[in-house]
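# Descriptive analysis of the structure
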Amino acid sequence: MPIHRGLAGVVVDTTEISTVIQETNSLTYRGYPVQDLAAHRSFEEVAYLLWHGELPDEGQLRDFRARERALRPLDRTTSELLARLPQTCHPMDVLRTAVSFFGAEDPTEDDGGLAVNRAKSLTLLARLPTVVAADQRRRRGLAPIPPHPELGYAENFFHMCFGSVPDPDVVRCFEISLVLYAEHSFNASTFTARVVTSTLSDLYSAVTAAIGALKGPLHGGANEAVMHMLNEIGDPGHAEDWLTEALTGKRKIMGFGHRVYKAGDSRVPIMQDALDRLVSRAADPEVTRLATLHAALRHAMLTHKGIHPNLDYPAGLAYHLMGFDIPLFTPIFVMSRITGWTAHITEQLAHNALIRPLASYAGPDQRAVPAIG
Ligand code: ACO
């Protein structure tokens, strides 16, 4: 029986949500090229598209935005619970705990139906940024800032983190990253959510598990690891030597490589453009140093290994330039990917089959249990 380690190359189901078109190396959400969505649509519109299959008209978008904004505040019990978590834990642990808690206190009977799951998905979409922003402020010794009901999803996140909204170029760059991170077919965290859902468990359990899967540095945790790596290298002139030593030591270079894209991640050029715009407006030697280092490492990796960057490579540096603390980068990924996860949970339930693969046994032959004494 052939063994497919890591399920590489295995097709386990169909999906109508997104696909990578190998011939053109492009990613589509519900048939729309992601670069066009990133250029012309807001993150809220993309969330609606992923959940409903079509882009919203004006009235549908107005209604969707109003409902999302109304759900943003956290209740007192949640805020108190989150404030009691040790600051030594990673913000992804805070987020995972928050989602688990939302599940525990949600009184809605979980019938696995579309309406109930859509309502829960919208609640998570609305509340996750409030949790992430409050956590960043707590770690900085600052009081939380309540959500602003008149601001869009991206702008409100800046408002809750920093008490102000940066100029539209920065917000736009952030929004592009949210659109690009929103969905990517059967990636590890989405597949985790689908496995949990396939047992007919509830949406909060599936999302809690997905957050755990995303946290790892081979998946979403890579955007944080990129920034740690750039800080470790420091000087752009050291990039080449650092890389040679890291590759000799069999280190994985964070933000490079991809299971699906072997000729380059289709999302990278869009995010790199957005990052370049952030860099060019900064006119700051420190930003120039980081951008030069980023480009030097990318060039060295392509030359030495022929491996292209993935989305986490430009996104990691972009989030740093926007002023977010490094441990917030993967939680920001969650704020976006919650849309893809919950779209897949709904799709899994619509034609469910328990996900339960086989393993080829490689342990000892059957043997007798020795008698005690
Ligand atoms: N650094 C160094 N070598 C690499 C890297 C990398 N980042 N990526 C792939 N390779 C090498 C492997 O060492 C391996 O070489 P070998 O055949 O000589 O042993 C070969 O390329 C194939 O790599 P695999 O790890 O087998 O490829 P796989 O498809 O399993 O891995 C993965 C994909 C996990 C993303 C890998 O490229 C990696 O670890 N990257 C770094 C972590 C990262 O950036 N993750 C983010 C993924 S994208 C996202 O979540 C948005």
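Residues numbered from 1 in each chain as written. Predicted model: local features only at pLDDT ≥ 70, side-chain atom pairs only at ≥ 80, totals over all residues.

## Description of the overall build of the protein
Of regular secondary structure, the protein possesses 16 helices and three strands. In terms of overall dimensions, the protein is globule-like: its C-alpha atoms have a radius of gyration of 21 Å, near the 21 Å expected for 373 residues. In terms of overall dimensions, the protein has C-alpha extents of about 70 × 55 × 50 Å along its principal axes. Counting only residues that meet the buried cut, the protein has 40% of its 373 residues in that class. (Helix = DSSP H or I, 4+ residues; strand = E, 2+ residues; numbered from the N terminus. Rg over C-alpha atoms; globule rule 2.2 N^0.38 Å. Buried ≥ 20, exposed ≤ 12 C-beta atoms within 10 Å, placed from the backbone.)

## A few points about the site of the ligand
Taken together, 18 residues are adjacent to the ligand, and Ala222, Ile253, Phe256, Gly257 and Arg259 come closest. Grouping the constituent residues of the shell around the ligand by class yields seven nonpolar, seven polar and four charged. (Near = placed C-beta within 6 Å. Nonpolar A, V, L, I, M, F, W, Y, C, P; charged D, E, K, R; others polar.)

## What about the packing of helix 10 (residues 203-215) against helix 16 (residues 329-350)?
Geometry of a packed helix pair, given as the angle between the helix axes and the separation of the axes. Interaxial distance between helix 10 and helix 16 falls to 10 Å at its minimum, and their mutual angle equals 135°. Put simply, helix 10 runs oblique to helix 16. Relative to helix 16, helix 10 is oriented so that their crossing is right-handed. Each of Leu203, Ala206, Val207, Ala210, Ile211, Leu214 and Lys215 in helix 10 lies in contact with helix 16, whose residues at this interface are Thr330, Phe333, Val334, Arg337, Ile338, Trp341, Thr342 and Ile345. Grouping the amino acids of the contact of helix 10 with helix 16 by side-chain chemistry returns 11 nonpolar, two polar and two charged. (Axes fitted to C-alpha atoms, helices over the stretch in contact; angles between N-to-C directions. Parallel < 35°, antiparallel > 145°, perpendicular 65-115°, else oblique. Left-handed = near helix turned anticlockwise from the far one by under 90°. Contact = placed C-beta atoms within 7 Å.)

## Description of the pairing of strand 2 (residues 26-29)
Only one face of strand 2 is buried: it carries Leu27 and Tyr29, and the other face, with Ser26 and Thr28, is open. Bridge count for strand 1 (residues 18-21) against strand 2 is four bridges, and the pairing is antiparallel. Across the sheet, the residue bridging to Val20 is Leu27, located in strand 2. Once strand 1 ends, the chain turns through four residues before running back antiparallel as strand 2, passing Asn25 with a positive phi of about 55°. (Pairing = 2+ DSSP bridges.)

## A few points about the nonpolar core
For soluble globular proteins, the rule of thumb is that nonpolar side chains tend to be buried together. By size, the foremost hydrophobic cluster in this structure holds 94 residues, and its most contacted members are Leu95, Val179, Val207 and Met271. In terms of residue count, helix 16 provides more of this core than any other element does, nine residues in total. Looking at which domains feed residues into this core, each of domain 1 (31-217 + 330-350) and domain 2 (222-321) supplies at least three. Once you skip the residues sitting within four places of it in the chain, Met271 turns out to touch Ile176, Ser177, Leu180, Leu311, Pro314, Ala315 and Ala318. (Core = buried A, V, L, I, M, F, W, Y, C linked by C-beta atoms within 7 Å. Domains from an automatic or database assignment.)

## Considerations on the domain arrangement of the protein
Considered domain by domain, the protein is made up of domain 1 (31-217 + 330-350) and domain 2 (222-321). Looking at the side of domain 1 that touches domain 2, the elements with two or more residues in it are helix 1 (34-40), helix 8 (168-181) and helix 16. Considering every element that reaches the side of domain 1 that touches domain 2, the biggest residue donor is helix 8, with seven residues. Partitioning the side of domain 1 that touches domain 2 into residue classes produces 10 nonpolar, three polar and one charged.

## Concerning the sheet that holds strand 3 (residues 32-33)
Either a parallel or an antiparallel arrangement is found when strands of a sheet pair, and the pairing is made through backbone hydrogen bonds. What the three strands build is an open sheet, ordered 1-2-3; its pairing is antiparallel. The open sheet has two free edges, formed respectively by strand 1 and strand 3, since each of these has just one partner strand.

## Some thoughts on the environment of Gly306
Within the secondary structure, Gly306 is located in the loop between helix 14 (285-305) and helix 15 (312-321). Along the sequence, Gly306 and Asp36 sit 270 residues apart, while their C-alpha atoms lie 28 Å from each other.

## Points about the packing of helix 7 (residues 153-162) against helix 8
Packing of helix 7 against helix 8 brings their axes to within 9 Å, and their N-to-C directions diverge by 115°. Compared by their axis directions, helix 7 and helix 8 come out roughly perpendicular. Like other packed secondary-structure pairs, helix 7 and helix 8 cross with a definite hand, here right-handed. Seen from helix 7, the contacting residues are Ala154, Glu155 and Phe158; seen from helix 8, they are Val171, Phe174, Glu175 and Leu178. Tallied by class, residues from the contact of helix 7 with helix 8 come to five nonpolar, no polar and two charged.

## Details of unusual backbone geometry
Positioned with a positive phi, Arg30 is a non-glycine residue whose angle comes to about 50°. Along the chain, Arg30 turns up in the loop between strand 2 and strand 3. Here Lys250, not a glycine, exhibits a phi torsion of approximately 60°, which is positive. Looking at where Lys250 falls in the secondary structure, it is placed in the loop between helix 12 (239-248) and helix 13 (268-282). Here Lys250 falls in the exposed class, since 6 other C-beta atoms lie within 10 Å of it.

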